[in-house]
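Coordinate inspection notes
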Amino acid sequence: MYAPLRQCETSDQSRACLCSVTAEMKVSTSHLQQLAIFTTILTGGGIGTMYYLQQKRFAASDYHRLAVQKLEACPVAMGSLGAPPLKVHNIHLSDRNNRIDQHTAKIKIPVTGSTTGGYLYSSSIRDPDTNRWSLKLAVLQLREGQTIDLLNPPEAEHTQGIDSGQWQ
């Protein structure tokens, strides 16, 4: 493809330079198209795999699991969603409500039942001594605007008045 390098002498004879003989490089358009398609598929597959692994990591985490377990244990919240069946969806990675560091985790988990859906807002703190997560806040906000505090579940008829203003 490339011509070999050869040594050229300048008029000064004391200096030498390396010059290359130019060669014409021919690549067909179809080969370039195939390379572009292959690169696009490989990049898309890599991004899709990373997204899947990141979502799987969130779903397996203690702070996520604790919030979903608290939702499943609240009959008022499950009844409001029309669950079972309860569908827990992937979190939105670009949502600013999802903040996780080594000591705190605040996540917004989309959930749906057979009648409606909403978001499960949770806040957890990791105990530095035991290295375990504990749930500090778990609030279900339904699409209709109704909020349910899962840590202090209301009676079946008192689900309207709970404020989740810190998540707005």
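See the structure shown above.
Residues numbered from 1 in each chain as written. Predicted model: local features only at pLDDT ≥ 70, side-chain atom pairs only at ≥ 80, totals over all residues. Heavy atoms only, no water.

A look at the overall build of the chain
Of regular secondary structure, the chain possesses three helices and eight strands. Within the chain, the fraction of its 168 residues that count as buried is 31%. For the chain, the share of sequence-separated contacts (at least 6 apart) that also reach a separation of at least 24 residues comes to 44%. Within the structure as shown, the chain displays about 11700 Å² of accessible surface, and the carbon and sulfur contribution to it stands at 54%. (Helix = DSSP H or I, 4+ residues; strand = E, 2+ residues; numbered from the N terminus. Buried < 20%, exposed > 50% of the residue type's maximum accessible area, 1.4 Å probe, protein only. Contact = heavy atoms within 4.5 Å. Areas by Shrake-Rupley, 256 points an atom, 1.4 Å probe, with all protein chains shown as cover.)

Re unusual backbone geometry
Look at Asn-131: it is not a glycine, yet its phi comes out positive at around 60°. Its place among the elements puts Asn-131 in the loop between strand 6 (117–126) and strand 7 (133–142). Overall, the relative accessible area of 48% leaves Asn-131 in the partly exposed class.

Description of a nonpolar patch on the surface
A surface patch of nonpolar side chains, about 510 Å² in accessible area, is lined by Val-27, Leu-32, Leu-35, Phe-38 and Leu-42. As for its position among the elements, Val-27 is in the loop between strand 2 (16–20) and helix 1 (29–60). What makes Val-27 partly exposed here is its relative accessible area of 43%. (Patch = residues over 30% accessible without salt bridge, like charges linked within 9 Å, V, L, I, M, F, W, Y side chains within 5 Å. Salt bridge = Lys/Arg side-chain N within 4 Å of Asp/Glu carboxyl O.)

What about the pattern of salt bridges?
Applying the stated rule across the entire model yields two salt bridges. Close ionic contact of Lys-108 with Asp-95 constitutes a salt bridge, the shortest N to O distance being 3.2 Å. Separated by 13 residues along the polypeptide, Lys-108 in strand 5 (residues 104–112) and Asp-95 in the loop between strand 3 (87–88) and strand 4 (99–100) bring together distant segments of the chain. Side by side, Lys-108 and Asp-95 carry an identical accessibility label, which is buried.

Some remarks on the pairing of strand 5
Most of strand 5 is tucked away, with seven of its nine residues classed as buried. Across two bridges, the pairing between strand 3 and strand 5 is antiparallel. Pairing of Lys-87 across the sheet is with Thr-112, part of strand 5. Two strands pair when backbone bridges link them, and strand 4 and strand 5 are joined in this way by two bridges, in the antiparallel orientation. Its bridge partner lying in strand 5, Arg-99 is registered against Lys-106. Linkage of strand 4 to strand 5, two consecutive antiparallel strands, is achieved through a turn of three residues. Alignment of strand 5 against strand 6, held across nine bridges, turns out to be antiparallel. The partner of Thr-112 across the bridge, within strand 6, is Gly-117. Turn length for the strand 5-strand 6 hairpin, with the two strands adjacent in sequence and antiparallel, is four residues. (Pairing = 2+ DSSP bridges.)

Observations concerning the nonpolar core
Leu-71, Ile-109, Leu-120, Leu-140 and Leu-150 are the most contacted members of the largest nonpolar core, which has 24 residues in total. Looking at this core, the elements with two or more residues in it are helix 2 (62–72), helix 3 (75–81), strand 5 and strand 7. No other element matches strand 7, which puts five residues into this core. Setting aside residues up to four positions removed in sequence, Leu-150 forms contacts with Lys-70, Leu-71, Cys-74, Ala-77, Leu-120, Ala-138 and Leu-140. (Core = buried A, V, L, I, M, F, W, Y, C linked by side-chain atoms within 4.5 Å.)

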